[in-house]
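Spelled out from the first residue to the last, the chains are:
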Amino acid sequence: MFKIPNSHLTHSPSRCLSIIVPCFNEGDGLDAFFNRLEPILLKLQEYDYEIVCIDDGSHDNTLEVLCRHATRNPHIVVLELSRNFGKEAALTAGIDATRGDAVIPLDADLQHPPELIVEMVKQWENGSDVVLARRKSRETDHLVQRLVTQWFYRLHNWISECAIPRDVGDFRLMDKRVVEAIKRLPERRRFMKGLFAWVGFRQSVVEFVAESRKSGKSSFNARRLWVLALEGITSFSTVPLAVWAYAGFTVAALALVYGCWIIIKTLVFGIDVPGYASLLTAVLFLGGIQLMGIGVLGEYIGRIYSESKQRPVYIIRQRYGGGNLDA
Ligand code: UDP
Ligand code: MG
């Protein structure tokens, strides 16, 4: 049997690794971030590299610090977005701007240990198109966060067309062809974890222990996480829409049985007037169910509406660095 050659394994001298770093109010931690990341990329001597940093409308000195680093190191490119578009949009901006043969999104807060890149590259060279970084434990999360995440993954994977792997975030290595596939997905509302999973390809996993945030604070509060979870479910499943037909059918069947019972009871025992409590309960119950159904419809219609406007996912105010500094 012969082996079909994999284009991965045909080395050319200038294979490039692209690191994508979305930054939102990370000014305090960026020096430490570059101090830790750059030696690792330098150690991978046989590769060229670029670090694409996206300033996602920060209010602090993030842009200033990024530009300072871009002046020092021509491998650093900075994209300044015109306002805060959110992490998913910032990642998309980064993905669109990369030219690397492998692309690695990395958080700027050092929660994703850059040391893992070496192992990821090794697995990539061994033929994986996607190398996922899986968190070994969730010790840095509190109990409620852990439980909610667990339930989210369960629900999502149960009702969605493609499962997203557990405990895997945006930190991963993707081959160029995976990135090209992701660029072809036209949707504006982007749940990146889902899109990454949807495109498929050969995957392998490396494990890591997430560290706690080195500086600043997480910008994902409960409300933003809820919005992200809704986005994930509505982007990849229509089950919440279909479920109302079954709910309606069940309620109608129960109502029929109950109606028959009332008729028989009336015929056998005569007319029984009191029924205020059961009547009110039934009206409120059905009203509630209908409102929930309309609410879910609304979620999807809102999404159709915002997709149909075809607004860009992000707007770049200016690009700095990458050797041709206009900062
Ligand atoms: N981030 C961003 N735009 C936002 C929110 C966050 O670019 O609107 C970046 C942030 O700078 C960080 C990464 O996304 O590099 C992860 O954010 P964070 O640490 O707040 O999230 P968590 O680790 O708590 O999930
Ligand atoms: Mg973080």
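That block above? That's the structure.
Here is a short report on the structure shown in this document. What you see is a predicted model; the values in this text were computed from it and never measured.

## Describing a nonpolar patch on the surface
Link 1 in the chain: There is a patch of nonpolar side chains on the surface, built from Leu-143, Val-144, Leu-147, Val-148 and Trp-151 and spanning about 540 Å² of accessible area.
Link 2 in the chain: Positionally, Leu-147 belongs in helix α5 (residues 143–159).
Link 3 in the chain: With a relative accessible area of 41%, Leu-147 lands in the partly exposed category.

## Points about the sheet that holds strand β1 (residues 16–23)
Link 1 in the chain: The strand order across the open sheet built from eight strands is β7-β5-β6-β4-β1-β2-β3-β8, with neighbouring strands paired in mixed fashion. The two strands at the open ends of the sheet, each matched to only one other strand, are β7 (203–208) and β8 (316–321). The mean inter-strand angle of the sheet, taken between neighbouring strand axes irrespective of direction, is 20 degrees.
Link 2 in the chain: As judged from the five bridges shared by strand β2 (residues 48–55) and strand β3 (residues 76–81), these two strands associate in the parallel manner. Looking at β3, one finds that Cys-53 is bridged to Val-78.
Link 3 in the chain: Running at roughly 160 degrees to β2, helix α1 (residues 30–43) makes contact with β1, β2 and β3 of the sheet.
Link 4 in the chain: Against the sheet, helix α3 (residues 87–97) engages β1, β2, β3, β4 (102–105), β6 (168–175) and β8, with an angle of about 155 degrees to β1.

## Comments concerning the environment of Tyr-47
Link 1 in the chain: As for its position among the elements, Tyr-47 is in the loop between α1 and β2.
Link 2 in the chain: Taking the relative accessible area as the measure of exposure, Tyr-47 reaches 10% and is therefore buried.
Link 3 in the chain: Distance in space between the C-alpha atoms of Tyr-47 and Arg-15 is 5.4 Å, their sequence separation being 32 residues.
Link 4 in the chain: Not counting residues within four places of it along the chain, the set of residues in contact with Tyr-47 comprises Arg-15, Leu-17, Val-121, Trp-124 and Glu-125.
Link 5 in the chain: Only 2.4 Å separates the side chain of Tyr-47 from the side chain of Glu-125, close enough to count as a polar contact.

## Side note on helix α4 (residues 116–125)
Link 1 in the chain: Among the ten residues in α4, seven count as buried, and that is most of the element.
Link 2 in the chain: Inspection of α4 places Leu-116, Ile-117, Met-120, Val-121, Gln-123, Trp-124 and Glu-125 among the buried residues, and these make up the whole buried set.
Link 3 in the chain: Turning to α4, the residues buried within the fold contact β1, α1, β4, β5 (130–135), β6 and β7.
Link 4 in the chain: With its phi angle positive at about 115 degrees, Gly-127 sits one or two positions after the end of α4.

## Looking at the packing of aromatic side chains
Link 1 in the chain: Tallying each qualifying case throughout the model produces six aromatic pairs.
Link 2 in the chain: Between Phe-152 and Tyr-153, the aromatic rings sit 5.8 Å apart at their centres with planes inclined by 55 degrees, giving tilted as the arrangement. Note on accessibility: Phe-152 and Tyr-153 belong to one class, buried.
Link 3 in the chain: Consider the rings of Phe-152 and Phe-191, whose centres lie 6.5 Å apart with planes at 80 degrees: the pair is edge-to-face. Of this pair, Phe-152 sits in helix α5 while Phe-191 sits in the loop between α6 (176–183) and α7 (192–199), placing them 39 residues apart in sequence.

## Some words on the pattern of salt bridges
Oppositely charged side chains are able to pair whenever their charged atoms sit close together.
Link 1 in the chain: Summed over the entire model, instances satisfying the criterion amount to 15 salt bridges.
Link 2 in the chain: Between Arg-15 and Glu-125 there is a salt bridge whose closest N-O contact spans 3.0 Å. Here Arg-15 is found in the segment before β1, whereas its partner Glu-125 is found in helix α4, with 110 residues between them in sequence. In this structure, Arg-15 and Glu-125 share a single accessibility class: buried.
Link 3 in the chain: Among the ionic pairs, Arg-72 bridges to Glu-38, the shortest N-O distance being 2.7 Å. With Arg-72 in helix α2 (residues 62–72) and Glu-38 in helix α1, this residue pair connects regions lying 34 residues apart in the sequence.
Link 4 in the chain: Residue class for Arg-72 comes out partly exposed when judged on its relative accessible area of 47%.
Link 5 in the chain: Residues joined by salt bridges that share partners form a network here, namely Asp-48, Glu-50 and Arg-99.

## Some remarks on the site of ligand 1
Link 1 in the chain: Not every one of the 17 residues close to ligand 1 is listed here, only the nearest: Pro-22, Glu-26, Asp-56, Asp-109 and Ser-218.
Link 2 in the chain: Gln-111 is positioned such that a nitrogen or oxygen atom in its side chain is 2.7 Å from an oxygen atom of ligand 1.
Link 3 in the chain: Across the complex, the protein chains shield 88% of the 530 Å² of accessible surface that ligand 1 would expose by itself.
Link 4 in the chain: The class makeup of the residues in the shell around ligand 1 is five nonpolar, five polar and seven charged.

## Points about unusual backbone geometry
Link 1 in the chain: Although it is not a glycine, Asn-25 sits at a positive phi angle of roughly 55 degrees.
Link 2 in the chain: Phi angles above zero are rare outside glycine, and Leu-110 is one such case at about 65 degrees.
Link 3 in the chain: Position of Leu-110 relative to the elements: it lies in the loop between β4 and α4.
Link 4 in the chain: Judged by relative accessible area, which is 4%, Leu-110 ranks as buried.

## A closer look at the nonpolar core
Link 1 in the chain: In terms of nonpolar packing, the biggest core is built from 39 residues, with Ile-54, Leu-81, Phe-152, Ile-182, Met-192 and Tyr-314 touching the most fellow members.
Link 2 in the chain: Residues in contact with Ile-54, not counting those within four places in the same chain, are Ile-20, Val-21, Pro-22, Cys-23, Leu-79, Leu-81, Ala-90 and Gly-94.
Link 3 in the chain: Grouped together as the second largest cluster of nonpolar side chains are 38 residues, Ile-19, Leu-44, Val-131 and Tyr-320 included.

Thresholds, definitions, all that
Residues numbered from 1 in each chain as written. Chains lettered and ligands numbered in written order. Predicted model: local features only at pLDDT ≥ 70, side-chain atom pairs only at ≥ 80, totals over all residues. Heavy atoms only, no water. Patch = residues over 30% accessible without salt bridge, like charges linked within 9 Å, V, L, I, M, F, W, Y side chains within 5 Å. Areas by Shrake-Rupley, 256 points an atom, 1.4 Å probe, with all protein chains shown as cover. Salt bridge = Lys/Arg side-chain N within 4 Å of Asp/Glu carboxyl O. Helix = DSSP H or I, 4+ residues; strand = E, 2+ residues; numbered from the N terminus. Buried < 20%, exposed > 50% of the residue type's maximum accessible area, 1.4 Å probe, protein only. Pairing = 2+ DSSP bridges. Axes fitted to C-alpha atoms, helices over the stretch in contact; angles between N-to-C directions. Contact = heavy atoms within 4.5 Å. Polar contact = N/O pair within 3.5 Å; in protein donor to acceptor, adjacent residues only side chain to side chain. Phe/Tyr/Trp six-rings, centres within 6.5 Å; stacked < 30°, edge-to-face > 60°. Near = heavy atom within 4 Å. Nonpolar A, V, L, I, M, F, W, Y, C, P; charged D, E, K, R; others polar. Core = buried A, V, L, I, M, F, W, Y, C linked by side-chain atoms within 4.5 Å.

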